[in-house]
Amino acid sequence: MSHTVLVCDDAIFMRTMISDILGGAGYEIVGEAETGVQAIEQYKHLKPDLVTMDIVMPDLGGIEAVREIVKFDPAARILMCSAMGQQALVVEAIQAGARDFVVKPFQPSRVLEAVQRVLG
Amino acid sequence: MDLSQYTELFRAETRDHLTTLNRLLLEWEQHPDQAEALPGIFRAVHTMKGMAATMGYARVADLAHRAETLLDLLRTGGRAVTEEELELLFRTADGLEALVEATATGREAEIDVTPILAQLDAASTQREPPEQPGRAQRRISFVAAPVGTGRKVAVHLRADCLLKGARALIVLRRVEALGTVHGVEPAPTALASDGFDGRFSFRIDTQASGDQIEEEIRAAGDVETVRLDALEEGVPHEEEREAGRTRHIRVDLRRLDALMNVIGELVAARGRLEHLTVARRDPELADGVGVISSLTRQLQSEILQARMTPVWQVFDRFPRVVRDLSRQLGKQVQFRVEGKEIELDRAILDEIGDPLIHMLRNAVDHGIETPEVRVAAGKPAAGQVTLAALRDRETVVIIVSDDGRGIDRAKILAEAKRRGVVDEHAPEIADDQLLRVLGRSGFSTAGRVSEVSGRGVGVDVILTRMRELGGSVEIRSVPGEGSTFTLRLPPTLAIVRALLARVGGERYALPLTHVAETVELDEAHVTHFEGKQALLLRDAVLPLVHLREVLGVGGAPPTRRPVVVLQLGDRRTGLVIDRMEGQQEIVVKAFAPPRGTLPIFSGATVLGDGEPVLILDAGGLV
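Residues numbered from 1 in each chain as written. Chains lettered and ligands numbered in written order. Predicted model: local features only at pLDDT ≥ 70, side-chain atom pairs only at ≥ 80, totals over all residues. Heavy atoms only, no water.

Q: Quick question: what am I supposed to make of the sheet that holds strand 18 (residues 562–568) of chain B here?
A: Paired through their backbone hydrogen bonds, the strands of a sheet run either parallel or antiparallel. Residue and element names in this part refer to chain B. Taken in spatial order, the six strands make up an open sheet running 14-18-19-17-16-15, and their pairing is mixed. Because the sheet does not close on itself, it has two edges, and the strands there are strand 14 (515–520) and strand 15 (526–529). Neighbour-to-neighbour, the strand axes of this sheet turn through a mean angle of 40°, independent of strand direction. In terms of strand pairing, strand 17 (residues 540–546) meets strand 19 (residues 571–576) through three bridges, oriented parallel. When the bridges of strand 19 are listed, Val 545 appears paired with Leu 575. (Pairing = 2+ DSSP bridges. Helix = DSSP H or I, 4+ residues; strand = E, 2+ residues; numbered from the N terminus. Axes fitted to C-alpha atoms, helices over the stretch in contact; angles between N-to-C directions.)

Set out below in structure tokens:
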């Protein structure tokens with residue numbers, strides 16, 4: 001059975017791209033979220049195997065979302081989607097419980113490697 | 001994902017690991033009480049297991065896994081490794097090799113390793129410590145490293161790793177799952193700074209084995225090297241050794257061959273262009289062609305360099321061959337390898353492996369005597385077999401020598417007379433005749449056919465192979481003192497400088513590999529020696545060979561003729577030709593001579609002016 005994924009990003013472009021990369025590799029995209037609040041709600045509802053989380057999102061940021069999700073499910077597997085120069089934020093996210101990160105611009109192979117690391 | 005594209009890479013890399021494995025096992029066998037080779041052996045087996053599992057080669061992975069279990073017990077157990085255990089590990093290496101090759105080529109069913117699997121399991125059971133509790137724990141724990149002090153672990157992230165601080169943090173998070181992590185350097189707060197270069201270390205109190213720690217760290221991604229405490233300090237880590245050296249990539253040899261072919265054509269075309277330019281006398285054209293010539297030469301030298309491979313890549317498997325053989329025959333042999341770093345073109349290196357194995361087998365089987373015979377003859381019980389590579393001017397010389405009984409000339413002479421190879425009144429057989437006699441197809445140095453070398457391959461095969469490679473063979477043998485085979489090879493195969501010799505209406509290319517000098521034929525100094533024509537050259541007698549006669553060219557030769565002095569080791573011959581037509585770089589093309597062709601050609605080439613010519617083989621003329 002393929003792993004289920006929740007994709008959280010405020011940009012449709014980014015969500016499409018991540019969905020394509022993961023969908024093309026056989027992962028099942030079960031939900032998408034545009035904000036941190038949506039991400040938390042969707043997680044509780046869908047219980048996906050993996051969450052890809054953008055750091056900067058409207059209303060509630062990715063890091064806060066990570067904290068809330070991990071509080072709800074300590075075993076949650078969250079992959080941060082960051083950009084160069086966001087090191088401090090990524091570190092914070094990891095301390096909050098994120099398992100790994102990828103850096104934009106995305107290279108499909110790197111994204112898949114990270115996903116495999118997180119799910120492995 | 002389609003893994004078939006990775007098959008070749010898998011095979012190549014596995015072969016490397018198997019070579020390492022065999023080398024380390026031999027080291028271990030020399031010093032069974034020291035286990036210095038063990039971490040390397042373990043790593044080689046472990047890596048192969050991982051790769052095989054990735055490729056889906058379950059049986060290979062299983063064999064490696066069971067070997068790993070035994071190795072793990074060997075490194076935790078107090079007793080030194082036994083001879084039986086080493087022998088089993090050697091056979092495991094063979095089993096892995098056979099199984100990998102068979103599996104990678106879809107012939108997996110042909111190989112049965114169940115006996116080895118059973119023996120590995122039995123050996124592991126014997127090694128199990130008697131007290132059962134906590135057994136599972138001990139199995140995975142890596143010797144010593146007293147719990148409490150913690151093992152020091154140094155990690156180096158890849159240079160292209162992004163956000164190194166965050167990655168380092170992920171590494172730390174992962175190892176925290178294995179035990180208590182402390183003493184992180186630089187301090188965690190400094191990790192997130194932009195100045196962090198990706199090198200950090202920490203201590204960990206854990207029951208986990210070194211391999212587990214490393215595995216966990218590597219699983220964090222973007223890890224270049226992992227170094228574990230003093231326990232393994234004696235064995236620098238593969239990647240660690242590589243660091244600071246030139247970076248290497250693996251290239252399919254066929255690509256280099258294809259590139260070499262293209263460059264060969266380019267060199268030929270350049271020759272043609274240079275030829276035409278001389279005729280045109282156009283300075284601008286000459287300039288342009290000059291630049292192209294120089295660039296082609298650079299390209300040629302680069303690609304030739306890229307093909308150069310140190311001989312150890314082939315030599316490294318020989319100690320194992322000699323060891324197995326001498327055991328099988330009940331002989332004691334000290335095998336020395338010298339000049340491992342000498343480089344040869346990959347294509348040549350690939351071709352000489354089999355002839356060398358044959359020569360080594362001959363040396364051990366027919367050369368070296370049994371310990372009793374040796375001692376009775378006043379020699380040390382253990383025989384010496386040496387394989388040496390060295391550079392001599394433009395050639396690479398490979399020597400296989402032994403201090404055994406030497407070739408039985410009386411027997412060879414009798415056989416040669418029986419076959420009519422030598423005159424029936426010949427009193428004895430000289431070294432250079434020896435080669436000619438032994439080089440006859442089907443002639444073997446052995447009076448008997450043994451299981452070891454009696455496979456119908458003889459010196460003739462070695463000679464033929466050397467000729468194809470543009471090389472030569474010499475034999476020296478002294479009764480009771482041993483034999484020496486000397487191979488001379490051009491360091492590269494495809495492109496050689498050659499002298500163009502004209503005889504009658506034809507031209508021939510003569511590679512400079514074996515050309516010592518050229519002199520003019522001075523009839524006043526021509527004499528006769530042992531019934532043959534010879535030239536007195538600086539007080540030495542140089543036997544002459546007239547290429548006209550050899551080729552059966554009619555007509556009168558020119559009055560002034562040059563002599564090309566060919567040299568193969570100590571032997572020199574003067575080749576009389578009609579005229580020299582300069583030197584040229586030629587691209588050697590494989591050559592399948594029609595039946596009945598004189599055995600004096602080693603290949604063919606196309607000259608700059610487009611004319612095809614045959615390449616003369618010095619070995620066939622001297």
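There's more to say after this.
Q: Which parts of the structure should I look at to understand the packing of helix 11 (residues 253–280) of chain B against helix 12 (residues 283–307) of chain B?
A: In helix packing, the relevant descriptors are the interaxial angle and the interaxial distance, both defined with respect to the helix axes. Residue and element names in this part refer to chain B. In contact at an axis separation of 10 Å, helix 11 and helix 12 are set at 155° when each is read in the N-to-C sense. As far as their axial angle goes, helix 12 and helix 11 are roughly antiparallel. Crossing geometry of helix 11 relative to helix 12 is assigned as left-handed. Between helix 11, through Leu 256, Asp 257, Leu 259, Met 260, Ile 263, Leu 266, Val 267, Arg 270, Leu 273, Glu 274, Thr 277 and Arg 280, and helix 12, the contact on the second element is made entirely by Leu 285, Ala 286, Val 289, Ser 293, Thr 296, Arg 297, Leu 299, Gln 300, Ile 303, Leu 304, Ala 306 and Arg 307. Taken together, the residues that form the contact of helix 11 with helix 12 break down as 14 nonpolar, four polar and six charged. (Parallel < 35°, antiparallel > 145°, perpendicular 65-115°, else oblique. Left-handed = near helix turned anticlockwise from the far one by under 90°. Contact = heavy atoms within 4.5 Å. Nonpolar A, V, L, I, M, F, W, Y, C, P; charged D, E, K, R; others polar.)

Q: Just to check I follow, could you spell out the interface of chain A and chain B for this structure?
A: The partner chain B presents 19 residues to the 16 residues of chain A that form the contact. Between chain A and chain B lies a buried interface of about 1,400 Å² when both sides are counted; carbon and sulfur atoms form 58% of it. Of all residues in chain A, Gln 87, Arg 110 and Arg 117 of chain A bury the most surface against chain B, accounting for 44% of the area lost on that side. The shortest N-O distance in the salt bridge between Arg 167 of chain B and Asp 100 of chain A comes to 2.6 Å. Every element with two or more residues in the side of chain A that touches chain B is listed here: strand 4 (78–83), helix 4 (87–96), strand 5 (100–104) and helix 5 (108–119) of chain A. A total of five residues in the side of chain A that touches chain B trace back to one element, the largest contributor, which is helix 4 of chain A. Grouping the amino acids of the side of chain A that touches chain B by side-chain chemistry returns seven nonpolar, five polar and four charged. (Buried area = accessible area lost by both parts, 1.4 Å probe. Salt bridge = Lys/Arg side-chain N within 4 Å of Asp/Glu carboxyl O.)

Q: Can you help me understand the side chain of Asp 578 of chain B in this one?
A: Residues and elements named next belong to chain B. Note on placement: Asp 578 falls in the loop between strand 19 and strand 20 (579–587). The exposure class of Asp 578 is buried, given its relative accessible area of 9%. Here the side chain of Asp 578 touches Gly 504 through a polar contact of 2.8 Å, landing on its backbone nitrogen. Excluding anything up to four places from it in sequence, Asp 578 contacts Arg 502, Val 503, Gly 504, Arg 548, Pro 558, Arg 560, Arg 561 and Pro 562. (Buried < 20%, exposed > 50% of the residue type's maximum accessible area, 1.4 Å probe, protein only. Polar contact = N/O pair within 3.5 Å; in protein donor to acceptor, adjacent residues only side chain to side chain.)

Q: How should the nonpolar core be read in this particular structure?
A: Generally speaking, nonpolar side chains in soluble globular proteins are found buried as a group. Counting 52 residues, the largest nonpolar core has Met 53 of chain A together with Phe 200, Phe 202 and Ile 217 of chain B as the members making the most contacts within it. With residues near it in sequence (within four places) discarded, Phe 200 of chain B still touches Val 153, Ala 154, Val 155, Leu 157, Ala 168, Val 171, Leu 172, Glu 185, Pro 186 and Leu 191 of chain B. Membership of the second largest hydrophobic core comes to 47 residues, among which are Leu 344, Val 364, Ile 398 and Ile 407 of chain B. (Core = buried A, V, L, I, M, F, W, Y, C linked by side-chain atoms within 4.5 Å.)

Q: Just to check I follow, could you spell out empty space enclosed by the protein for this structure?
A: Remark: the empty space left among the atoms is shown by a probe the size of a water molecule rolled over them. Residues and elements named next belong to chain B. One pass over the structure, following the stated rule, counts three cavities of 30 Å³ or more. Looking at the largest cavity, its volume works out to about 190 Å³. For the largest cavity, the lining is made up of 21 residues, of which Leu 469, Gly 470, Pro 511, Ser 602 and Ile 615 are closest to its centre. Contributions of two or more residues to the lining of the largest cavity are made by helix 19 (459–468), strand 13 (506–511) and strand 22 (612–616). Of the residues in the lining of the largest cavity, the class split is 12 nonpolar, six polar and three charged. Looking at which domains feed residues into the lining of the largest cavity, each of domain 4 (311–489) and domain 5 (495–621) supplies at least three. (1 Å grid on protein atoms, 1.4 Å probe; cavity = no way out; pocket = protein on both sides within 12 Å on 5 of 7 lines; lining within 4 Å. Points joined across faces, edges and corners; volume = space filled by probe spheres on them. Domains from an automatic or database assignment.)

Q: Where do I start with the environment of Val 622 of chain B in this structure?
A: Residues and elements named next belong to chain B. The residue Val 622 is located in the segment after helix 21 (618–621) in this model. In this structure, the C-alpha to C-alpha distance between Val 622 and Gln 567, residues 55 residues apart in sequence, is 7.7 Å. For Val 622, the residues in contact, after removing those within four places along its chain, are Leu 566, Leu 568, Arg 571 and Thr 573.

Q: How should I be thinking about a nonpolar patch on the surface in this particular structure?
A: There is a patch of nonpolar side chains on the surface, built from Phe 529, Leu 536 and Val 541 of chain B and spanning about 250 Å² of accessible area. Examined against the element boundaries, Val 541 of chain B turns out to sit in strand 17. (Patch = residues over 30% accessible without salt bridge, like charges linked within 9 Å, V, L, I, M, F, W, Y side chains within 5 Å. Areas by Shrake-Rupley, 256 points an atom, 1.4 Å probe, with all protein chains shown as cover.)

Q: I keep staring at unusual backbone geometry and nothing clicks. Help me out?
A: Residues and elements named next belong to chain B. In this structure, the amide linkage connecting Glu 185 to the following residue, Pro 186, adopts the cis form with an omega of -10°. Position of Pro 186 among the secondary structure elements: in the loop between strand 2 (179–185) and helix 8 (188–191). Notably, Arg 281 is not glycine yet its phi reads approximately 55°, a positive angle. Structurally, Arg 281 can be placed in the loop between helix 11 and helix 12. Residue Arg 281 is classed as exposed on the basis of its relative accessible area, which comes to 75%.

Q: It is not clear to me how the packing of aromatic side chains should be interpreted in this structure. Could you clarify?
A: Here a ring pair, both rings aromatic, is described through the centre-centre distance and the interplanar angle of the planes. Taken as a whole and judged by the stated rule, the model has five aromatic pairs over all chains. Ring geometry for Phe 196 of chain B against Phe 200 of chain B: centres 6.1 Å apart, planes inclined by 55°, an arrangement best described as tilted. The same class applies to Phe 196 of chain B as to Phe 200 of chain B, namely buried. Lying over the aromatic face of Phe 101 of chain A, Arg 167 of chain B brings its terminal NZ or CZ to 4.2 Å of the ring centre. Above the face of the Phe 90 of chain B ring, Arg 323 of chain B is positioned so that its terminal group lies 3.9 Å from the ring centre. (Phe/Tyr/Trp six-rings, centres within 6.5 Å; stacked < 30°, edge-to-face > 60°. Lys NZ or Arg CZ within 6 Å of the ring centre and 35° of its normal.)

Q: How should the pattern of salt bridges be read in this particular structure?
A: A side chain of one charge can pair with a side chain of the opposite charge if their charged atoms are brought near each other. All names here are of chain B. Summed over all chains, the structure comprises 53 salt bridges over all chains. Here Arg 11 and Glu 101 are joined by a salt bridge, their closest N and O atoms 2.7 Å apart. Of this pair, Arg 11 sits in helix 1 (residues 7–30) while Glu 101 sits in helix 4 (residues 83–104), and the two are 90 residues apart along the sequence. Accessibility expressed as a relative area gives 15% for Arg 11, which makes it buried. Between Arg 323 and Asp 324 there is a salt bridge, with the nearest N and O atoms lying 2.4 Å from each other. Ionic contacts of the salt-bridge type, sharing partners, join the residues Glu 29, Glu 83, Glu 87, Asp 94, Arg 320, Arg 323, Asp 324 and Arg 327 into one network.

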